[in-house]
Protein chains: 2
Amino acid sequence: MVRLLQSYVSGRWYTAPDAGTPVFDATDGAEIARVSSTGLDFAGSVDHAHTVGGPAMAATTFHERAAALKTLGRTLMSQKDEFYALSRATGATDRDSAIDIDGGFGTVLSYAGRARRELPDDTVYADGGVEQIGKSGSFVAQHIYTARRGVAVQINAFNFPVWGFLEKLAPAFIAGVPTIVKPATQTAYLTELVFRRIIESGVLPEGSVQLICGGVGPLLDRLGGQDSILFTGSATTAATLRTHPSVVHNGTRFTAEADSLNASILAPDVTAGSAEFDLYVRQLVTEMTAKAGQKCTAIRRAFVPNGLVDAVIEATRERLSGITVGAAEGRTMGALVSTGQREEVLNAVRSLTKSCEIVVGSDTAPDGPGAYLPPILLRCNDNKADELHDIEPFGPVATVIGYDGAHEVIELAARGKGSLVASLVTADPALAREIVLGLAPYHGRILVLNAEDAKESTGHGTPLPILVHGGPGRAGGGEELGGIRGVLHHMQRTAVQGSPNILTAVGRQWITGADRRTAEPHPFRKTLAELIVGDTIVAGPRQVTAEDIAHFAEFTGDTFYAHTDPVAAAANPLFGGIVAHGYLVVSLAAGLFVDPAPGPVLANFGVDNLRFLTPVKVDDTLTVTLTAKTITPRASADYGEVRWDTVVANQHGKPVATYDVLTLVAKS
Amino acid sequence: MVRLLQSYVSGRWYTAPDAGTPVFDATDGAEIARVSSTGLDFAGSVDHAHTVGGPAMAATTFHERAAALKTLGRTLMSQKDEFYALSRATGATDRDSAIDIDGGFGTVLSYAGRARRELPDDTVYADGGVEQIGKSGSFVAQHIYTARRGVAVQINAFNFPVWGFLEKLAPAFIAGVPTIVKPATQTAYLTELVFRRIIESGVLPEGSVQLICGGVGPLLDRLGGQDSILFTGSATTAATLRTHPSVVHNGTRFTAEADSLNASILAPDVTAGSAEFDLYVRQLVTEMTAKAGQKCTAIRRAFVPNGLVDAVIEATRERLSGITVGAAEGRTMGALVSTGQREEVLNAVRSLTKSCEIVVGSDTAPDGPGAYLPPILLRCNDNKADELHDIEPFGPVATVIGYDGAHEVIELAARGKGSLVASLVTADPALAREIVLGLAPYHGRILVLNAEDAKESTGHGTPLPILVHGGPGRAGGGEELGGIRGVLHHMQRTAVQGSPNILTAVGRQWITGADRRTAEPHPFRKTLAELIVGDTIVAGPRQVTAEDIAHFAEFTGDTFYAHTDPVAAAANPLFGGIVAHGYLVVSLAAGLFVDPAPGPVLANFGVDNLRFLTPVKVDDTLTVTLTAKTITPRASADYGEVRWDTVVANQHGKPVATYDVLTLVAKS
């Protein structure tokens with residue numbers, strides 16, 4: 001009895017009452033599972049996300065969500081073997097499974113780490129600096145991001161049943177937005193298994209994730225202006241979803257990541273037999289064979305200077321001859337996801353033969369069970385033929401295309417009308433600038449490969465959690481990942497205007513002009529738990545004498561003429577006479593504000609945004625004001641970070657230096 | 001003879017051969033112009049932007065574009081009287097015209113200033129920091145923004161014929177993207193006049209701006225994946241444009257800014273007769289009457305605690321009684337754009353009377369020529385009635401709605417399904433945080449008004465160039481302005497991966513790991529013109545003795561125990577013994593790298609991102625390496641800014657401090 005996959009909605013596992021659609025093992029064609037969502041309460045699923053998942057997530061901070069993802073990622077990593085075993089049915093070799101499974105869990109862990117380091121322990125994220133609008137500073141503005149109060153509905157592709165859903169889930173989760181996952185039917189069994197382990201872990205709040213194996217029925221009709229649809233798949237399906245009434249009339253956000261005709265360019269500076277030539281060919285073969293070429297980031301168009309086309313084809317042929325296809329241990333390339341998919345690929349190859357010839361492989365499917373297909377390399381005879389830049393065989397297929405000069409290859413690459421990624425193999429930095437800037441408007445990611453970075457390169461086809469993934473035009477126009485950038489796509493940016501006191505309360509970040517609390521004790525005597533945003537110490541004055549400046553110059557060796565030579569200093573257009581060293585000013589300021597005895601403040605670990613605004617002249621007197629600006633506990637340590645707004649003023653009350661002092665302060 | 005408005009496409013003024021559609025003066029109904037784009041070469045217009053405007057703009061840097069906008073803004077400002085005179089025909093009072101005309105030119109100048117200060121003198125903008133991917137640092141990544149290689153087609157609303165097109169033009173122009181302007185027919189005559197003056201000024205490169213007065217014909221069919229449509233207007237038209245084949249199939253970007261049911265909330269802490277109560281009523285009346293209420297940001301829903309509904313209505317009635325309607329000098333409210341528009345507004349008011357009663361004004365149009373309509377205030381009897389949160393009378397109309405508590409008002413505001421702006425009048429910071437964070441996911445902008453900021457507040461209805469403008473859901477889901485944020489909407493974000501040398505060449509920003517040029521002379525002896533990114537000085541070593549630390553403590557007064565008390569310092573969990581002051585380390589580093597004699601380096605004006613990475617112990621020796629990272633000439637001065645990557649290392653080669661030193665360097 002083949003198992004009918006379950007869905008997980010509204011806090012319960014659901015089994016459809018009908019037989020479902022059969023799904024087959026890619027390696028032998030045996031039925032492996034059945035899929036159906038018949039009878040599922042789709043509306044209830046959206047309501048559950050809105051009324052249970054959303055509020056549960058809104059009650060947690062970025063750091064709490066990060067901690068949950070960290071636990072989840074580690075738990076899943078420890079269960080890897082089970083996932084690898086099932087993954088083989090998708091046609092994947094174990095190396096392919098690593099991309100999907102380890103790649104997915106790594107993305108979860110990457111988001112956990114980034115969120116802890118780059119987001120506050122709050123639900124609000126400040127975007128950019130404070131904008132002073134009025135002259136006196138009583139009316140200011142700050143852009144903030146807050147979580148959208150909706151659900152993110154994922155509609156995924158078959159090729160990455162694990163990574164595909166986790167790379168969408170992790171950023172939404174950090175943002176505080178619940179997710180409904182809809183895997184592609186062909187490989188839903190693997191998504192279901194991983195999802196089951198997630199639910200069993202109990203790590204994620206109820207309602208924050210749901211799973212629908214099978215069609216989404218009327219689900220999308222229930223979406224409104226706070227919800228979003230995140231799609232990965234074909235341009236055709238993307239176009240259909242883009243015109244869904246919820247997207248057109250309700251303001252549901254839609255983002256798509258579609259297959260594209262990614263280019264890999266061998267630059268004009270590379271010669272046959274060079275290290276870069278070899279890197280180009282190796283990368284091409286890797287991209288043709290990993291996941292049997294079923295990656296939306298795989299190389300489809302291999303651009304090569306006209307004079308090197310033959311050499312590249314020969315070297316690629318040679319290297320492809322080492323590829324062995326099959327399910328047995330040691331085979332270097334697995335199966336396509338289904339024989340139907342293989343037929344689509346072969347049809348696409350046949351269409352390309354209008355302007356190309358097959359130079360490795362053939363356009364007929366091999367005999368035997370399983371959706372195997374040896375790699376196919378084409379050689380193009382007309383680099384401007386439309387089909388070349390339009391038809392994508394989504395399998396182990398690439399076309400070598402000759403070109404003449406940087407200008408032409410930029411133009412040819414753009415004929416793909418927008419791609420997820422391009423790679424450029426060159427050792428020439430100036431040429432790299434020219435070609436990269438020419439390609440950039442059409443690409444979400446560009447990899448420049450050469451002997452300098454090859455050893456550590458993660459490769460043409462590999463999206464990374466810290467880099468954006470997506471592309472304009474044909475590639476779908478969407479953007480995912482990119483570290484915190486991917487989190488912000490699930491949030492609303494809002495400009496908040498008000499008085500400094502109001503904005504300080506809203507963002508829990510002290511803003512110039514807001515009230516300062518100058519009551520005893522010295523704020524350096526307060527623990528992290530006792531400190532409050534706005535706690536202030538005013539210290540000074542201290543006079544800066546001519547002797548101080550001369551002595552500092554001699555002691556540090558900083559004998560710059562503006563500090564030592566009255567005549568030369570008078571000629572300086574900015575100073576017009578001897579001035580104190582900037583470093584002297586901040587050193588004396590520290591002498592004023594520091595509280596010497598051991599206490600909660602453990603160290604000053606840095607300074608940000610130091611600006612010297614007014615020269616300090618001989619006999620000026622300095623006063624310094626330090627105000628607690630942000631207070632950020634570290635989950636993994638018994639101290640946290642306190643950022644102090646710092647203003648050093650002269651005897652006229654004029655600021656001479658402003659900066660942020662960064663300290664580590666014990667929690668208790 | 002009434003004049004037929006001209007279009008400006010492909011570098012020429014175009015007059016349609018037919019009679020065109022008549023447009024009428026809002027104040028007296030007289031015909032003022034005719035509009036037609038019949039026979040215009042729409043395809044040629046798109047091609048012209050792609051083949052002439054785009055390349056011309058690509059050849060300029062952000063700073064050059066900023067300089068052009070600055071000249072343009074000043075030129076237009078000097079011609080204001082002519083625009084004000086014509087603006088009266090739109091129904092605007094002179095105060096209304098200031099919002100449109102001065103607001104538009106101010107936006108142009110704001111973008112000129114921001115671009116010079118916040119963007120490099122280049123065509124590439126770096127987004128975020130460098131990401132080290134490999135362990136050794138040989139493979140890194142940087143996100144960059146480059147201009148989309150397309151055209152931005154604006155489709156504008158009638159209410160801001162000047163600001164409306166300039167607020168879209170300025171960010172696109174700075175990005176390097178050409179624009180085609182299509183004004184609303186009713187007020188196109190004012191747009192045409194300003195546009196004519198722009199062309200006459202000769203300031204903008206040919207092809208960078210075009211104007212189409214009349215329908216856009218098949219223009220949108222010509223757009224592709226690098227083009228965009230920027231729409232301001234009704235939700236219905238937005239929905240039509242959103243399903244245009246170019247948007248659905250070609251990847252043309254579409255952004256909309258639609259009218260919304262903006263809320264103004266009197267918070268529960270405010271009492272009748274208080275300063276905040278008065279501010280609330282004043283703002284409500286201003287928003288009802290400015291531009292005769294024809295602003296997509298105007299207040300439609302006035303939320304008031306149940307107990308204050310009567311008081312607010314009375315106070316608003318009182319204040320509205322001072323409003324005089326008409327075209328004559330001294331009148332405080334002008335006309336709607338047309339009698340047709342007035343009829344639409346009155347129909348909307350009639351629909352609202354299902355659940356509301358009119359408490360000021362009436363739902364019948366006054367007699368006489370001109371599209372005048374005195375303000376109408378409604379009182380709601382059922383705060384959950386659907387029409388209240390759905391029907392928008394786009395004129396001098398608002399509804400007072402009672403509510404009970406912060407939780408209810410957040411929920412009621414959200415029923416507008418997404419708005420451009422909300423205002424909240426409160427003096428309570430904690431309440432402000434609660435309500436602002438509740439409103440934020442549904443809003444593009446939130447203004448918190450109280451006695452502290454009222455004097456400088458720019459008001460509920462005023463978008464500012466430095467703050468984002470737009471809103472989710474019903475408000476269109478788009479985002480414009482927001483300073484550089486608005487520029488980036490016209491650019492493509494791309495993750496570029498490569499070696500440090502490659503990325504340094506691509507972004508013209510030195511990246512750790514890239515080659516350093518250590519040849520003579522000392523880089524501080526080079527002018528801005530002579531300096532090259534990567535120029536480096538290595539200086540040192542200098543030993544830090546116990547006497548240095550003790551002396552620095554005594555001299556500066558910074559006697560923190562970690563520098564002075566061996567026993568206490570040993571107990572510090574981070575130091576484990578006496579360490580040098582961070583400020584001593586950077587002061588000594590300056591002593592090592594400074595070149596004392598007068599030369600091109602005028603001043604050190606700041607330090608960024610200073611981090612103390614490793615404690616400096618007694619008798620450690622320091623070496624400092626300074627490398628020119630970015631070089632930014634200032635257009636308005638004979639010097640520019642040089643940012644120096646700075647690393648202070650100890651005798652083991654371990655970095656003890658890293659930071660950027662910011663200097664001003666003479667151009668020659």
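Residues numbered from 1 in each chain as written. Chains lettered and ligands numbered in written order. Predicted model: local features only at pLDDT ≥ 70, side-chain atom pairs only at ≥ 80, totals over all residues. Heavy atoms only, no water.

### Describing the relation of the copies chain B and chain A
Reasoning step 1: With an RMSD of 0.1 Å, the operation that places chain B on chain A is a rotation of 180° combined with a shift of 0.1 Å along the axis. A rotation of that kind, with that shift, is consistent with a two-fold axis. When each C-alpha of chain B is compared by its distance to the rotation axis, Asp608 of chain B comes out closest, at 2.6 Å.
Reasoning step 2: Comparing interface residues between copies, 99% of those in chain B also sit at the interface in chain A, which points to an isologous, same-surface contact. (Least-squares fit on C-alpha atoms with pLDDT ≥ 70 in both. Contact = heavy atoms within 4.5 Å.)

### Topic: the side chain of Asn383 of chain A
Residue and element names in this part refer to chain A.
Reasoning step 1: For Asn383, the position within the fold is in the loop between β15 (376–380) and β16 (397–403).
Reasoning step 2: Here Gly402 takes part through its backbone oxygen, which lies 2.9 Å from a polar atom of the side chain of Asn383.
Reasoning step 3: Contact partners of Asn383, with chain neighbours within four places excluded, come to Leu388, His389, Ile401, Gly402, Tyr403, Glu408 and Leu412. (Helix = DSSP H or I, 4+ residues; strand = E, 2+ residues; numbered from the N terminus. Polar contact = N/O pair within 3.5 Å; in protein donor to acceptor, adjacent residues only side chain to side chain.)

### Considerations on the pattern of salt bridges
Reasoning step 1: Throughout the structure, instances matching the rule amount to 70 salt bridges over all chains.
Reasoning step 2: The partner of Glu314 of chain B in a salt bridge is Arg317 of chain B, with the nearest N and O atoms 3.1 Å apart. Of this pair, Glu314 of chain B and Arg317 of chain B both sit in helix α10 (residues 309–320), three residues apart, which is roughly one turn of the helix.
Reasoning step 3: Among the ionic pairs, Lys384 of chain B bridges to Glu408 of chain B, the shortest N-O distance being 3.1 Å. With Lys384 of chain B in the loop between β15 (376–380) and β16 (397–403) and Glu408 of chain B in helix α12 (residues 406–414), this residue pair connects regions lying 24 residues apart in the sequence.
Reasoning step 4: Assessed through its relative accessible area of 34%, Lys384 of chain B is described here as partly exposed.
Reasoning step 5: On the accessibility criterion, Glu408 of chain B (18% relative accessible area) is buried.
Reasoning step 6: Connected through shared salt-bridge partners, Asp608, Lys629, Arg643 and Asp660 of chain A together with Arg611 of chain B make up one network. (Salt bridge = Lys/Arg side-chain N within 4 Å of Asp/Glu carboxyl O. Buried < 20%, exposed > 50% of the residue type's maximum accessible area, 1.4 Å probe, protein only.)

### A word on the domain arrangement of chain A
Reasoning step 1: Taken domain by domain, chain A comprises domain 1 (40–258), domain 2 (263–463) and domain 3 (516–666).
Reasoning step 2: The distance between the C-alpha centroids of domain 2 of chain A and domain 3 of chain A comes to 57 Å. (Domains from an automatic or database assignment.)

### Section: the packing of aromatic side chains
Reasoning step 1: Overall, the coordinates contain 24 aromatic pairs over all chains when judged by the stated rule.
Reasoning step 2: With 6.2 Å between their ring centres and 40° between their planes, Tyr125 of chain A and Tyr145 of chain A make a pair best called tilted. Linking Tyr125 of chain A in strand β5 (residues 125–132) with Tyr145 of chain A in strand β6 (residues 140–147), this pair joins segments that are 20 residues apart in sequence.
Reasoning step 3: Residue Tyr145 of chain A is classed as buried on the basis of its relative accessible area of 8%.
Reasoning step 4: Residues Phe165 of chain A and Phe195 of chain A carry aromatic rings whose centres are separated by 6.4 Å and whose planes lie at 45° to one another, so their mutual orientation is tilted. Of this pair, Phe165 of chain A sits in helix α5 (residues 163–175) while Phe195 of chain A sits in helix α6 (residues 188–201), and the two are 30 residues apart along the sequence.
Reasoning step 5: Judged by its relative accessible area of 1%, Phe165 of chain A falls in the buried class.
Reasoning step 6: Clustering of aromatic rings is evident, with ring pairs tying together Tyr8, Trp13, Phe165 and Phe195 of chain A.
Reasoning step 7: Above the plane of the ring of Trp13 of chain A lies Arg196 of chain A, whose end atom (NZ or CZ) is 4.1 Å from the centre.
Reasoning step 8: Between the NZ or CZ atom of Lys291 of chain B and the centre of the ring of Phe160 of chain B, over which it lies, the distance is 5.0 Å. (Phe/Tyr/Trp six-rings, centres within 6.5 Å; stacked < 30°, edge-to-face > 60°. Lys NZ or Arg CZ within 6 Å of the ring centre and 35° of its normal.)

### With respect to the interface of chain B and chain A
Reasoning step 1: Counting residues at the interface gives 124 residues for chain B and 123 residues for chain A.
Reasoning step 2: Area buried by chain B at its contact with chain A is led by Arg433, Phe555 and Tyr583 of chain B, which between them contribute 8% of it.
Reasoning step 3: At the boundary of chain B with chain A, the tally comes to ten salt bridges.
Reasoning step 4: We note a salt bridge from Arg433 of chain A to Asp122 of chain B, for which the minimum N-O separation is 2.9 Å.
Reasoning step 5: Applying the counting rule to chain B against chain A returns 65 residue pairs in polar contact (both at pLDDT 80 or more).
Reasoning step 6: Grouping the amino acids of the side of chain B that touches chain A by side-chain chemistry returns 59 nonpolar, 40 polar and 25 charged.
Reasoning step 7: Here strand β18 (residues 443–449) of chain A pairs with strand β21 (residues 491–498) of chain B via three bridges, running parallel. Its bridge partner lying in β21 of chain B, Ile446 of chain A is registered against Val496 of chain B. (Buried area = accessible area lost by both parts, 1.4 Å probe. Nonpolar A, V, L, I, M, F, W, Y, C, P; charged D, E, K, R; others polar. Pairing = 2+ DSSP bridges.)

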